[in-house]
Each structure stands twice: as structure tokens, then as C-alpha cells.
Amino acid sequence: MGKSIIATTSLAGCFGCHMSLLDIDERILELAELVEFNKSPINDIKKFTKKCDIGLIEGGVCNSENIHVLKDFRENCKILVSVGECAIMGGLPALRNNIPLRECLAEAYLDGPSVENNEEQIIPNDEELPLMLNKVYPCHEVVKIDVKLPGCPPSADMIYEALVALVTGRDLEIPYEALKYD
Amino acid sequence: MNKVINFKVDGVICMAEKGQHILDAAKANKIFIPTLCNLPGFKPKGSCRVCNVKVNGKLMTACTTPVAEGMDIQNNTDEIIEIRKMIIELLFVEGNHYCPYCEKSGNCELQALAYKYKIMAPRFPYQFPDRDIEASNDKLLKDHNRCILCKRCIRAIKDEKGRSIFAFKRRGHKVVINIDTKLSVNMSDEMAQEAMDVCPVGAIIKKEIGFSVPIGERTYDKNPIGHELDGIKSTGL
């Protein structure tokens, strides 16, 4: 059996879930026996170079670029995994969901207490910038998600167990202490 | 002593005093039935529905149904567990439950039940309802985003004359828990703590102290809710 191929990305997330993946410590050597990494911030591969078996998604969907990346992952990965609360339900970025977008941007760039040197009252609008969405969406509301791993971040134990279970095809058994939402 | 009657839970023969509710009778026989609204010593409400059991083939809330001679109760069957999981998931999507920064996380009964039933994520779409946080009270903060309207605070937290400090405000889907501004003026620290403890979720938070117990030592970090009764780590997947 060849190695399974894994891709990872962080959308509207804080990279905490990626840090938690690295928290598997020396088990990363065992994981390296089972998998190889393709597109991922960990190895800095920017574009998919082949079809992947597993895609790990951190973070929810807050702008047009997130949608683009997420759809790209869906097309190139057999199994998509929502890793962490943000991917599952929007997480802390979704706190803005009940505040109009205009108000959020005004607070950040025009009226906020930390705003300085913006005499022209500009909200960044360069066409290179991805457009923000009206709300932060859970990943499964944009594409089909196959597996969800809760936690903020999910514990290293849970991520490791889930990856090994997915790669080897055995049932996912998570110990009580490893399943947490915080 | 009251008359002793016999009943069965998942085929196990149990004994109870006449007039006991199923939930309490099961507890006395070391059987855990989950609940979010019931509170020992107070009149049961049956509002959260998590304690659903099948009594002689019919769904009933265990907290409000008195046990009767010869009752055949189903508790930990696949069907009942699935119903309970659905109710818990509905409660999660119906409010705004951000566990990562909630002060009650680790001590929250709603979260603890989700852990016990190994819920990885709710199957229903998140509603993101627009709700307020009320911080006008000196000692307590009310976060309506997390309230599951179980009425525990209304029933349990009363002043020396027996008047409720908390009450329902508005009706239907707009109903929220309200703190009586006059009655709560002289609220003691102990009463504020009791109000926070009685809340099954993080809707009532005591001000000026938070995250005082480190992760790993909170109530449900190592052992699931109900573990002290039945010793079961987790049920169903």
C-alpha cells in the first residue's frame, strides 16, 4: 500500500489547529511512515501537485478567497475534515455574524480607538483583496465535509487518532478526555 | 416509609418508593438518566426533554412521570440515545454556544452531555440568533446567547420571602430570563454563586471572577456526567 497523501489549509482560523497537529510530537515520525504531505502551510507547497486522500481544513469561511480554497480542496481531496470549532461552526470569527459588515469595517478602520492616520477615511478596497462575506460560514455549509473534529484546538491525541483511523481504515475511537469543545 | 414498588429499567429490576419520579427512582438504583432542567428538591418542569425514556412503549419525561408498579422503562437503548443526541444538538444550534471562550466550559452540563454521547458536531444548521448580553446587575452577567430556558434559576433562586429573583420576560420564541432589578439589589455573593452553579449552561455568570479552575481539573474534564452513578465513560457513537 502506498502512502496516503494529506493536504492542509487554514481559512478564517488562527493556525492553532495546525499547531495542535504539530503537538503530536515524536509520533510525527510514525505518521510520516503512513502519509506524505502535499499542499500545506507546513511544507509551503502552494498548489496541489496531485490528488490527495485527506484534506484538513482549519477555520471557517469569511471571504471569497476562503470559498475558492475550500472548493479547490473539495475537488482535490477524497476525504475532507473540518478541524476545530471555527471550521465546524465559524468559531470566534463568527461573533461578527450579528453585526452588519459595514459596522465591523468602520470599527476596524474608521472609528476604533486604535485607528490613526486615516484622514481620508479609507476602508481597504484594493481589488487584490478578497471580498469579505456578510457572515462567517461553517465549512459544511459551503462544500460537503466528511469528518468533523471538534475542539479549540482539537487535542493532538484526537488529530493523531483521527488521521491514523482515516489512513488505515480502522474505526475512530476517541478517549473521553480527548473529546473537548474548548 | 412509603409503599415500595418494583419496576424495570433496561430489564434490570429496581425498587422505588411510591410517588417518586422515574428520574429520582433511577438515581436511587444507580441508574443515570440525563437531565438539564431538573433540580433535586424542586418541582420538576419537564422543559428540556433530555430525560426522555420509553415507559411501556411510550415516550415520557423521566423527571415528571411518577414511577408505578411493574413499569417497564427503556433508558439506554439506541433509539432513546439518538433522541437525546438530537435534543442536545438542537439546543446547541438554537443558541450561540461558543465553548472556546465560555467561562462555564468544563463545568457545563449541556457540554458534558454532548461529550458523554460523543457528539462531534450538531447535524442541524446553526441559527446564529441575535441575542443580547445583559450586564447591568452588580454581581451577575446574563448571557442570553447561552440560555436554554430550563427555568432552574427561576425555581431555585429566591429571596427570604420566597420571591423569585429571576423571571421570564416576553413570550414565545422571544422569551428571555430576566433579573428582577429591585429584588436583586441586595443579592449576596453566595446567592450570586448559587445562581451561577444552578445554571446548567453559562447563561448566568458571576462577575469579577472567571476561569478560576484550570483546564484538566474542571468537573467534566476527566469523568463524564453521571459517571458517579453508573461508572459508564461514554454511551453510543
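The numbers attached to residues start from 1 for each chain and follow its sequence in the written order. Each chain is given a letter, starting from A, and each ligand a number, starting from 1, according to the order in which they appear as written. Local features in this predicted model are restricted to residues whose pLDDT is 70 or higher, and side-chain atom pairs enter the listing and the counts only when it is 80 or higher, whereas totals over whole chains, interfaces and linings include all residues.

1. Concerning the overall build of chain B
For step 1, the next point in the chain: Going along the chain from the N terminus, every DSSP run of H or I of four or more residues is numbered as a helix, and every run of E of two or more is numbered as a strand. The secondary structure content of chain B amounts to six helices and 10 strands.
For step 2, the next point in the chain: What the globule rule says is 2.2 Å times the number of residues to the power 0.38, and the radius of gyration is computed from C-alpha atoms. Computed over the C-alpha atoms, the radius of gyration of chain B is 18 Å, within 12% of the 18 Å expected from 2.2 N^0.38 for a compact globule of 237 residues.
For step 3, the next point in the chain: The principal-axis extents of the C-alpha atoms in chain B amount to approximately 50 × 45 × 35 Å.
For step 4, the next point in the chain: We call a residue exposed when 12 or fewer other C-beta atoms sit within 10 Å of its C-beta, buried when the count reaches 20 or more, and partly exposed for counts in between; the C-beta positions come from the backbone. Counting only residues that meet the buried cut, chain B has 39% of its 237 residues in that class.
For step 5, the next point in the chain: Contacts in chain B between residues at least 24 apart in sequence constitute 65% of all its contacts with a sequence separation of at least 6. Contact definition: two residues whose C-beta atoms, as placed from backbone geometry, lie within 7 Å.

2. Remarks on the interface of chain A and chain B
For step 1, the next point in the chain: Across the contact, 18 residues belong to chain A and 18 residues belong to chain B.
For step 2, the next point in the chain: A total of three residues in the side of chain A that touches chain B trace back to one element, the largest contributor, which is helix α4 (residues 85–89) of chain A.
For step 3, the next point in the chain: When the residues that make up the side of chain A that touches chain B are grouped by side-chain class, the tally is 11 nonpolar, three polar and four charged. Note on residue classes: Ala, Val, Leu, Ile, Met, Phe, Trp, Tyr, Cys and Pro are nonpolar, Asp, Glu, Lys and Arg are charged, and everything else, Gly too, is polar.

3. As for the sheet that holds strand β3 (residues 52–55) of chain B
Residues and elements named next belong to chain B.
For step 1, the next point in the chain: Criterion used throughout: strands pair if DSSP finds at least two bridges between them. With mixed pairing, the five strands of this open sheet are ordered in space as β2-β1-β5-β3-β4. If you trace the sheet from one side to the other, it starts and ends with β2 (12–17) and β4 (58–61), each paired once. Along the sheet, successive strands turn relative to each other by an average axial angle of 40°, direction set aside.
For step 2, the next point in the chain: Direction of pairing for strand β1 (residues 4–9) relative to strand β5 (residues 72–74): parallel, over a ladder of two bridges. Bridge pairing in β5 places K8 opposite D72.
For step 3, the next point in the chain: Where helix α2 (residues 78–94) meets the sheet, it contacts β3 and β5, and its direction lies at approximately 150° from that of β3. Throughout, an axis means a line fitted to C-alpha atoms (over the contacting stretch in the case of helices), and angles, computed between N-to-C directions, take values from 0 to 180 degrees.

4. Structural notes on the environment of R171 of chain B
For step 1, the next point in the chain: Tracing the chain through its elements places R171 of chain B in the loop between β8 (166–169) and β9 (176–179).
For step 2, the next point in the chain: Separated by 109 residues in the primary sequence, R171 of chain B and A62 of chain B have C-alpha atoms spaced 26 Å apart.

5. A few points about helix α3 (residues 109–116) of chain B
Residues spaced three or four apart along an α-helix face the same direction, because each turn holds 3.6 residues.
Residue and element names in this part refer to chain B.
For step 1, the next point in the chain: Across the eight residues of α3, eight count as buried, placing the element largely inside the fold.
For step 2, the next point in the chain: Contacts from the buried residues of α3 go to α2.
For step 3, the next point in the chain: Positive backbone phi, at 55°, marks K118, one or two positions downstream of α3.

6. Looking at the nonpolar core
For step 1, the next point in the chain: Only buried Ala, Val, Leu, Ile, Met, Phe, Trp, Tyr and Cys residues enter a nonpolar core, and they are joined through C-beta atoms within 7 Å. Residues I57 of chain A together with L110 of chain B are the most contacted members of the largest nonpolar core, which totals 100 residues.
For step 2, the next point in the chain: Counting residues per element, this core draws most heavily on helix α6 (residues 156–168) of chain A, which supplies six residues.
For step 3, the next point in the chain: Start and end positions for the domains come from either an automated domain assignment or a database one. When residues of this core are assigned to domains, at least three map to each of domain 1 (4–75) and domain 2 (86–227) of chain B.
For step 4, the next point in the chain: Discounting residues that sit within four places of it in the chain, L110 of chain B has contacts with L36, I88, L91, I148, P200 and V201 of chain B.

7. Here we look at the pairing of β1 of chain B
All names here are of chain B.
For step 1, the next point in the chain: Pairing of β1 with β2 involves six bridges; the strand directions are antiparallel. When the bridges of β2 are listed, N6 appears paired with M15.
For step 2, the next point in the chain: In this structure, the hairpin formed by β1 and β2 is closed by a connection of two residues, where D10 is found at a positive phi of approximately 50°.

8. Some details on the domain arrangement of chain B
Residue and element names in this part refer to chain B.
For step 1, the next point in the chain: Segmenting chain B into domains produces domain 1 (4–75) and domain 2 (86–227).
For step 2, the next point in the chain: Contacts between the two partners involve 12 residues from domain 1 and, on the opposite side, 15 residues from domain 2.
For step 3, the next point in the chain: Looking at the side of domain 1 that touches domain 2 residue by residue, the classes come out as eight nonpolar, one polar and three charged.

9. A few points about the confidence of the model for chain B
For step 1, the next point in the chain: When the pLDDT values of chain B are averaged, the result is 93; 97% of them are 70 or greater.
For step 2, the next point in the chain: Confidence estimates for the predicted assembly give a pTM of 0.94 and an ipTM of 0.91. Per-residue confidence from the predictor is given as pLDDT, running between 0 and 100.

10. Quick notes on the sheet that holds strand β10 (residues 204–206) of chain B
All names here are of chain B.
For step 1, the next point in the chain: Pairing within the open sheet is antiparallel, and its three strands lie in the order β6-β7-β10. Edge positions in the open sheet fall to β6 (133–134) and β10, since each of these has one partner strand only.
For step 2, the next point in the chain: Looking at chain direction, strand β7 (residues 140–143) and β10 are connected through three bridges and run antiparallel. If you follow K142 over to β10, its bridge partner there is I204.

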